[in-house]
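# Reading the structure
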Amino acid sequence: MTRKAEDRKIDKPYVILVEGILDRAILNLVLKDIGAKHENMKGIVEKTQVFEIKGKDNLKAGWLKNKINEAEETIRAILVIVDKDDDYQATAQSVNSFLDKFDWIRFKDYLIIPEENADGQELEDYLVATLEELEDDRVQRLGNCIRELSSDRKIGKKIFFSYLLINDDCGYEGLSVSDEMLGKCFDAGKLNLIRDKVLSFLQNAEGLGNEG
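One structure accompanies this document, and this report is about it. (Residues numbered from 1 in each chain as written. Predicted model: local features only at pLDDT ≥ 70, side-chain atom pairs only at ≥ 80, totals over all residues. Heavy atoms only, no water.)

### Quick word on the sheet that holds strand E1 (residues 14-18)
Neighbouring strands of a sheet are bound in pairs by backbone hydrogen bonds; such pairs are parallel or else antiparallel. Read across the sheet, four strands follow the order E2-E1-E3-E4 without closing on themselves; strand pairing throughout is parallel. Sheet topology places strand E2 (48-52) and strand E4 (107-113) at the edges, where each strand pairs with a single neighbour. When strand polarity is set aside, the average angle formed by the axes of neighbouring strands in this sheet is 15°. Pairing analysis gives seven bridges linking strand E3 (residues 77-83) to E4, with the strands arranged parallel. Counted as the bridge partner of Leu 79 is Asp 109 from E4. Against the sheet, helix H1 (residues 21-37) makes contact with E1, E2 and E3, and its axis sits at roughly 165° relative to E2, the strand it touches most. Contacts from helix H4 (residues 88-99) reach E1, E3 and E4, with the element oriented near 155° to E4. (Pairing = 2+ DSSP bridges. Helix = DSSP H or I, 4+ residues; strand = E, 2+ residues; numbered from the N terminus. Axes fitted to C-alpha atoms, helices over the stretch in contact; angles between N-to-C directions. Contact = heavy atoms within 4.5 Å.)

Below you can see the structure in the form of structure tokens.
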């Protein structure tokens, strides 16, 4: 049984907060890719925890603030990764307000997906844009079919999960995604926006370790 976010413990010095299950799986793949390609980063990767908060609204939740404060002796750096949703600036303000609560954390950063001037509002929109760069014709045809049957609402989610279903290499059966399943059909090394931010975060985390 999956434990509630409130029941899980933060027990590593470098923490990446993400919204949901897919975000967590993607970040685990990105960390694995970075560790495989950067020998000197393996130690930092092992000290990094991806912590799912079950939605951006929980940045305002008392339990999350308490959980982070309880780990004051452990946490050295924190990265928040959230969806852009309707308003990039409003999301940025919300994340900054959250991070401002923890002036004792030595390094704090955030990433909003997609970027401010990019199309889409959610992680899946960014993932679909990445897939289009790799398999443009296939993804475009899939998107066109979905639009004939449905609206553009949550179109990124519809295309991404349909892609997983029709890609036999994924072995996706319409259940919860996992790192292992995504790793079979999705190259985390191509997710430049996320990978570059996480790598920068880890390098800063490594610097804190060197200071200590």
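### Concerning unusual backbone geometry
That bond from Ile 113 to Pro 114 is cis: its omega, -10°, falls within 30 degrees of zero. As for its position among the elements, Pro 114 is in the loop between E4 and helix H5 (123-134). Non-glycine residue Asp 85 carries a positive phi angle of around 60°. With respect to the helices and strands, the residue Asp 85 is situated in the loop between E3 and H4. The phi dihedral of Lys 154 is positive, around 55°, even though this residue is not glycine.

### As for the state of the cysteines
Evaluation of the coordinates by the stated rule reveals one disulfide. Linked covalently through their sulfurs, Cys 170 and Cys 185 form a disulfide whose S-S length is 2.1 Å. The disulfide joining Cys 170 to Cys 185 has a torsion of about 110° about its S-S bond and is therefore right-handed. Highlighted residues: Cys 170 in the loop between helix H7 (155-166) and helix H8 (179-183) and Cys 185 in the loop between H8 and helix H9 (192-211), separated in sequence by 15 residues. (Disulfide = S-S within 2.5 Å.)

### Regarding helix H6 (residues 136-149)
Spanning 14 residues, H6 covers 20 Å between terminal C-alpha atoms, matching the ideal 20 Å at 1.5 Å per step. Residues of H6 that are buried include every one of Val 139, Leu 142, Gly 143 and Ile 146, and no others. Burial along H6 is one-sided: seen end-on, the buried residues are contained in an arc of 100°. Among the exposed residues of H6, those pointing more than 90 degrees away from its buried face are Asp 137 and Glu 148. Buried residues along H6 sit in contact with H5 and H7. (Expected span 1.5 Å × (residues − 1). Buried < 20%, exposed > 50% of the residue type's maximum accessible area, 1.4 Å probe, protein only. Arc of directions from axis to C-beta.)

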